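Coordinate inspection notes
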Amino acid sequence: MLLIQNRSPLSDTMPAMSERVRIGLLGCGHVGSAVARMLLDHAGEVASRAGAEVEIARVAVRNVAKARDVDLPSDVFTHDPAEVVRDDGVDVVVEVIGGIEPARSLILEAFEHGKPVVTANKELLSTLGRELFEAAKDRRVDLLYEASVGGGIPLIRPLKQGLAGERIVKLMGIVNGTTNYVLTRMAEDGLSLSEAVAEAQSLGYAERDPTADIEGFDAAAKAAILAMIAFDTQVVAGDVYREGITGVTADDIQFAQRLGYVVKLLAIAETQNGDVSVRVHPAMIPAAHPLATVRLSFNAVVVEGARVGSVMLYGRGAGGDPTATSVVGDLVEAIHNLREGSASHAPVTYRPKRIRPIDEISAQYYVLLHVDDRPGVLAGVADAFAKHDVSIKSVWQEGRGDEARLVMITHRASERDLQACVQTLRTLEAVRDVSSVLRVEAEEQ
Ligand SMILES: NC(=O)c1ccc[n+]([C@@H]2O[C@H](COP(=O)([O-])OP(=O)(O)OC[C@H]3O[C@@H](n4cnc5c(N)ncnc54)[C@H](OP(=O)(O)O)[C@@H]3O)[C@@H](O)[C@H]2O)c1
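All of these numbers come straight from a predicted model, not from anything done at the bench.

Helices and strands together make up the secondary structure of the chain, namely 14 helices and 17 strands. Scaling as 2.2 N^0.38, a compact globule of 445 residues should have a C-alpha radius of gyration of about 22 Å, and the chain matches this with 25 Å. The buried share among the 445 residues of the chain stands at 53%. Contacts in the chain between residues at least 24 apart in sequence constitute 73% of all its contacts with a sequence separation of at least 6. Of the roughly 19,000 Å² of accessible surface on the chain, a fraction of 48% belongs to carbon and sulfur atoms. For the chain, the centre of its 46 positive side-chain charges and the centre of its 62 negative side-chain charges are spaced 3 Å apart.

Written out as structure tokens, the structure is:
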């Protein structure tokens, strides 16, 4: 039996401890049940790495009668999560209920009782993260959240610890597995968006209501958390410019392929002259770019540091078991810290920085126009681009007659100029429709 000695100068805030560390699990759904299974199946590894045996003491769920995919005694279950947080027999709280409330109040109450919290809750952290991090700091307890971004990919710890001395200039990643699955199936197998979404739902990658994924809300929450860590400033999901994938057509994907690109839903966070910009939108990236090879439900993030250059982190961005790996990793760290009487995880720091609006970014653009098929059309279109200072890199006409389209790629231009150019294009008699505009990333600097 391992004996935990309470060597803490903070002993008044710490739970009375025995030779075991007892976990209060809030939620036993996809992630919670996988966490419980991992703690049972890997009990030996977890105990030796944490320096204490880990016991699942209490589990809160909405419906205690529901069958669970984990072998736990029925008397650990309760429908009252506050009872778990307040229980003197619980040393560490794992919050995998999700959503804002009651998760927020439960986490704050755990801190009041001096209990560290491990959470996977991106929605909460990208909305009220600052309140929670400051409360954890005040109470000198851990709030660990590796699973909130990138599921099973170690992302938060490498950013906060491995790259702690680095100046991060940009993060670019695929942080939503559902949309990456959908875009991969559209590109590789010619499925329509709705067919690919239906398939993702049938495989359990997408929720019955897939809005949070396909409209980019999930990716925006993750982008906000990554930007907050990378740039030491407050970024909330509402600060993130967001476009989902519902406007991406089979034509866009085919033209991308012919031009040597792949369409991905990207989360991009960058800093320039002390400002921060964070955005989530579909974009074309060169087929040779490492992110272009990230297929199906996999996720990856490329971190660019001033000195280290590019670092890419790749793996399973969701799913119970991969996500549980991150939760249990945090749990081991929280237990270590609890035993040492510290909350050594580098706290989030907040320096005020301006969030740049989208019209101040610059990118290359792909523009697809449905046009009249007659002489002089291209000249008129080129004039509109020139008038707004947007330089065309390549253009070709696709189809004849009613099917005539112009496919254009620009050089790097400002978003404001490009949007003004699109407004002008819409007024041209020869332009029947501006069918698509997509940013092209990771090519020209
Ligand atoms: N699923 C993933 O792949 C994944 C990946 C990364 C992060 N996350 C995050 O992990 C968290 C959990 O996700 P999940 O997919 O595991 O969700 P889930 O399958 O819906 O599980 C939620 C669990 O919380 C319980 N619950 C909900 N409200 C409750 C309440 N008021 N009181 C007590 N219990 C309550 C539910 O009880 P019942 O079972 O009785 O309904 C269920 O066990 C979310 O923050 C999510 O964003 C998930």
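What follows is about the site of the ligand. Taken together, 23 residues surround the ligand, and among them Cys28, Val31, Asn63, Arg68 and Gly319 come closest. Between an oxygen atom of the ligand and a main-chain N or O atom of Val31, the distance comes to 2.8 Å. Measuring from an oxygen atom of the ligand, one finds a backbone N or O atom of Asn63 at 2.8 Å. In the shell around the ligand, the residues fall into eleven nonpolar, eight polar and four charged.

Taken together, six strands build an open sheet; the order of strands is 3-2-1-4-5-6 and the sheet is parallel. Here the strands that pair on one side only, and so sit at the sheet edges, are strand 3 (77-78) and strand 6 (143-144).

For helix 7 (residues 177-189), which comprises 13 residues, the first-to-last C-alpha distance of 17 Å matches the rise-based estimate of 18 Å (1.5 Å per residue) to within 8%. Within helix 7, the full set of buried residues consists of Gly177, Thr178, Thr179, Asn180, Tyr181, Val182, Leu183, Thr184, Arg185 and Met186. In this structure, the buried side of helix 7 is in contact with strand 7 (168-174), helix 8 (193-202), helix 9 (211-214), helix 11 (250-259), strand 9 (261-272) and strand 11 (298-305). Count one or two residues on from helix 7 and you reach Gly190, which has phi positive near 70°.

Here we come to the packing of aromatic side chains. For the structure shown, the criterion picks out four aromatic pairs. Each ring, one from Tyr181 and one from Tyr205, has its centre 5.0 Å from the other, and the planes form 50°; the classification is tilted. Placement of Tyr181 in helix 7 and of Tyr205 in the loop between helix 8 and helix 9 is noted, with a sequence separation of 24 residues between them. Given the relative accessible area of 7%, Tyr181 is considered buried. Under the relative-accessibility criterion, Tyr205 is labelled partly exposed at 36%. In this arrangement the basic side chain of Arg130 is found over the ring face of Tyr350, its NZ or CZ atom lying 4.3 Å from the centre.

Looking now at the pattern of salt bridges. Evaluation of the coordinates by the stated rule reveals 35 salt bridges. Notably, a salt bridge pairs Arg86 with Glu109, separated by 2.5 Å at the nearest N-O pair. A residue pair is termed long-range when its members are at least 10 positions apart, and Arg86 in helix 3 (residues 81-86) and Glu109 in helix 4 (residues 103-112) qualify at 23 residues. A salt bridge links Arg104 to Glu101, with the nearest nitrogen and oxygen atoms 2.9 Å apart. The class for Arg104 is partly exposed, based on a relative accessible area of 22%. By sharing partners, the salt bridges in this structure join Glu146, Arg157, Asp330 and Glu333 into a single network.

Here Glu441 is to be found in the segment after strand 17 (431-440). At 2.8 Å, the side chain of Glu441 and the side chain of Arg279 are in polar contact. Leave out the neighbours within four places in its chain, and Glu441 touches Lys170, Met172, Leu266, Ile268, Arg279, His281, Ala283, Met284, Ile285, Pro286 and Ala363.

This paragraph deals with the nonpolar core. Counting 81 residues, the largest nonpolar core has Leu143, Tyr145, Leu171, Leu226 and Tyr366 as its most contacted members. Contacts of Tyr366, omitting those with residues within four sequence positions, involve Asp251, Asp252, Phe255, Leu259, Met284, Val407, Met408, Ile409, Ser436, Val437, Leu438 and Val440. Listed in part, the 36 residues of the second largest apolar core include Leu144, Ala147, Val328 and Leu338.

Quick look at helix 12 (residues 320-340) now. Across its 21 residues, helix 12 extends 30 Å between first and last C-alpha, which sits within 8% of the 30 Å expected from 1.5 Å per residue. Counting buried residues along helix 12, 15 of its 21 residues qualify, which places the element largely inside the surrounding structure. Phi turns positive one or two residues past the end of helix 12, at Gly341, with a value near 70°.

Turning next to the packing of helix 7 against helix 8. The N-to-C vectors of helix 7 and helix 8 enclose an angle of 130°; their axes lie 9 Å apart at closest approach. Taken together, the axis directions place helix 7 and helix 8 in an arrangement best described as oblique. For the pair helix 7 and helix 8, the sense of crossing is right-handed. When helix 7 is examined against helix 8, the residues Thr178, Tyr181, Val182, Arg185 and Met186 are found in contact with a partner set consisting of Leu193, Ala196, Val197, Glu199 and Ala200. Within the contact of helix 7 with helix 8, the residues separate by chemical class into seven nonpolar, one polar and two charged.

Calculation criteria
Residues numbered from 1 in each chain as written. Predicted model: local features only at pLDDT ≥ 70, side-chain atom pairs only at ≥ 80, totals over all residues. Heavy atoms only, no water. Helix = DSSP H or I, 4+ residues; strand = E, 2+ residues; numbered from the N terminus. Rg over C-alpha atoms; globule rule 2.2 N^0.38 Å. Buried < 20%, exposed > 50% of the residue type's maximum accessible area, 1.4 Å probe, protein only. Contact = heavy atoms within 4.5 Å. Areas by Shrake-Rupley, 256 points an atom, 1.4 Å probe, with all protein chains shown as cover. Lys, Arg positive; Asp, Glu negative; His and termini not counted. Charge placed at Lys NZ, Arg CZ, Asp CG, Glu CD. Near = heavy atom within 4 Å. Polar contact = N/O pair within 3.5 Å; in protein donor to acceptor, adjacent residues only side chain to side chain. Nonpolar A, V, L, I, M, F, W, Y, C, P; charged D, E, K, R; others polar. Pairing = 2+ DSSP bridges. Expected span 1.5 Å × (residues − 1). Phe/Tyr/Trp six-rings, centres within 6.5 Å; stacked < 30°, edge-to-face > 60°. Lys NZ or Arg CZ within 6 Å of the ring centre and 35° of its normal. Salt bridge = Lys/Arg side-chain N within 4 Å of Asp/Glu carboxyl O. Core = buried A, V, L, I, M, F, W, Y, C linked by side-chain atoms within 4.5 Å. Axes fitted to C-alpha atoms, helices over the stretch in contact; angles between N-to-C directions. Parallel < 35°, antiparallel > 145°, perpendicular 65-115°, else oblique. Left-handed = near helix turned anticlockwise from the far one by under 90°.

What is shown is where atoms sit, not what they do.
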